[in-house]
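# Structural overview
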Amino acid sequence: MESNRIPFLDLVTPHRELKDELAAVFAHALDTAGFIGGPMVEDFEKSFAKFCDVQYCVGVGSGTDALRFALMAAGVGPDDAVITVPNTFIATSEAVSQCGALPRFVDVNERTYNMDVNKLGEYLDSECSYNDGNGKLVDKRTGRGVKAIVPVHLYGQMADMDPILELAEKYHLIVIEDACQAHGAEYLSRRDQGWKKAGSMGKAAAFSFYPGKNLGACGEGGAVTTNDAALAQKVRSLRDHGQAQKYYHDMEGYNGRLDSIQAGILHVKLRRLSQWNERRRECALRYQELLGAASEVIKLPFEPSWSRAVYHLYVVQVQYREKLQKQLGEAGIGTGIHYPIPLHQQKAYKNLGYHEGDFPVTEKAAAKILSLPMFPGLSHAQQDRVAQQVLEFVAGESSAGASAAPPLTNAISQRA
Ligand SMILES: Cc1ncc(COP(=O)(O)O)c(C=O)c1O
């Protein structure tokens, strides 16, 4: 029987359903004492590489490790600048800083919430210049050499990769995809004339297997995917103290391995991932239908024709977000905000010298976005209840009158 509460994310049911298979993974690890490395890790890496349409996958300790190792292996280091977006989880920029590089932000597109390719072009054209001495592209404000772009495939939808790759080629920049929220998402590439998987388009990509992700471990985990054999080898070395052979260290590295039990668990779940992603897509479509009538007031997710999103999150924008969130909470419906404070406005990044108003699309979105319940097992009845609550809220706000509720556009300009 369905409980009355609708969780934001149901992590219990899929684990119950897979209990025997998951327990068998644990039993096998106990029988063989194979806790670190070995066939469970290698088999998962092969299968995940195949799933992402790439040649190599290297399992690591987390998505943050994956980003940091991919950037380092691609040659990003101190004195470099790396371009990414302010509308993401802090791990994206932490990984950049942890390489010794400096994050530089460009705003996101207001419909997809992903990197705005026009803003990226403007930044490269007007905020960077070529150094006379060595011909390197330099960020004029900081004097740092611009080395890489990290587009984030946020909420399960890929960034518009063709123009990003074209700009990267024009300016000789490396592209590392942050695919931590986009396992299985696809992009219709006009350049390559076909659908491409998240994690297969940049020089390398980073995935997170944090439990709540579309493919989540029962603990921490991550992976780097790439078609570059040398980069894959470097990441293998970085995750394991810089050693290619036990106790022979070519460089200093990290303890950043994917453990065998997590790899075995991920392998079991990987077999269901496409089916789970399909269910998420069906749920998203149903939300669009149920909430479509209120789309003047609630901004629903937008999926361009070149995208097949996997809806890690289903994010709407609404005026009086806190009030709606409270009302949903009182009705037993879980929600989230991803993310309430843009990175350039975080205390941690005071040193970057950004100000309120620098990234207006991100700032406006951060004040109004709300993530509704989204998981493969979300039932029709549950979605109906969520939609009914949201529609009732909207109707209530509209009838409360224009004086109490300033039009959406006014409220936006007040904040900017
Ligand atoms: C966009 C993004 N990048 C990076 C990460 C970092 O992954 P992890 O938590 O596995 O280190 C996450 C995880 O939440 C994420 O959502």
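Above this text is the structure in question.
For the structure given in this document, a descriptive report is provided here. Worth saying up front: this structure is predicted, and the values here are computed from it rather than measured.

With that settled, consider the site of the ligand. Surrounding the ligand, one finds 16 residues, the nearest of these being Gly63, Thr64, Asp178, Ser208 and Lys213. Here an oxygen atom of the ligand sits 2.5 Å away from a polar atom, N or O, in the side chain of Thr64. The separation between an oxygen atom of the ligand and a polar side-chain atom of Ser208 is 2.7 Å. If the ligand stood free it would expose 390 Å²; the protein chains cover 93% of that surface. For the ligand, the cavity whose grid points lie within 2 Å of the majority of its atoms is the largest pocket.

Bringing the nonpolar core into the picture now. Formed by 88 residues in total, the largest nonpolar core has its most connected members in Phe48, Ile83 and Leu124. By residue number, the principal contributor to this core is helix 9 (residues 260-291), which donates eight residues. Discounting chain neighbours no more than four positions away, the residues touching Leu124 are Ile83, Leu137, Leu167, Tyr171 and Leu173.

Right, let's talk about the pairing of strand 10 (residues 204-208) for a bit. Looking down a regular strand, the side chains alternate between one sheet face and the other. When you tally the buried positions in strand 10, you get five out of five residues, the bulk of the element. Because side chains alternate across strand 10, one face comprises the buried residues Ala204, Ala206 and Ser208, and the other comprises Ala205 and Phe207, equally buried. As paired elements, strand 7 (residues 174-178) and strand 10 share three bridges and run parallel to each other. Counterpart to Asp178 in the pairing with strand 10 is Ala206. As defined by bridge partners, strand 10 adjoins strand 11 (residues 222-226) across five bridges and the pair is classed as antiparallel. Considered in strand 11, the bridge of Phe207 is made with Ala223.

Each value, and the rule that gives it
Residues numbered from 1 in each chain as written. Predicted model: local features only at pLDDT ≥ 70, side-chain atom pairs only at ≥ 80, totals over all residues. Heavy atoms only, no water. Near = heavy atom within 4 Å. Polar contact = N/O pair within 3.5 Å; in protein donor to acceptor, adjacent residues only side chain to side chain. Areas by Shrake-Rupley, 256 points an atom, 1.4 Å probe, with all protein chains shown as cover. 1 Å grid on protein atoms, 1.4 Å probe; cavity = no way out; pocket = protein on both sides within 12 Å on 5 of 7 lines; lining within 4 Å. Sits in = over half its atoms within 2 Å of the grid points. Core = buried A, V, L, I, M, F, W, Y, C linked by side-chain atoms within 4.5 Å. Buried < 20%, exposed > 50% of the residue type's maximum accessible area, 1.4 Å probe, protein only. Helix = DSSP H or I, 4+ residues; strand = E, 2+ residues; numbered from the N terminus. Contact = heavy atoms within 4.5 Å. Pairing = 2+ DSSP bridges.

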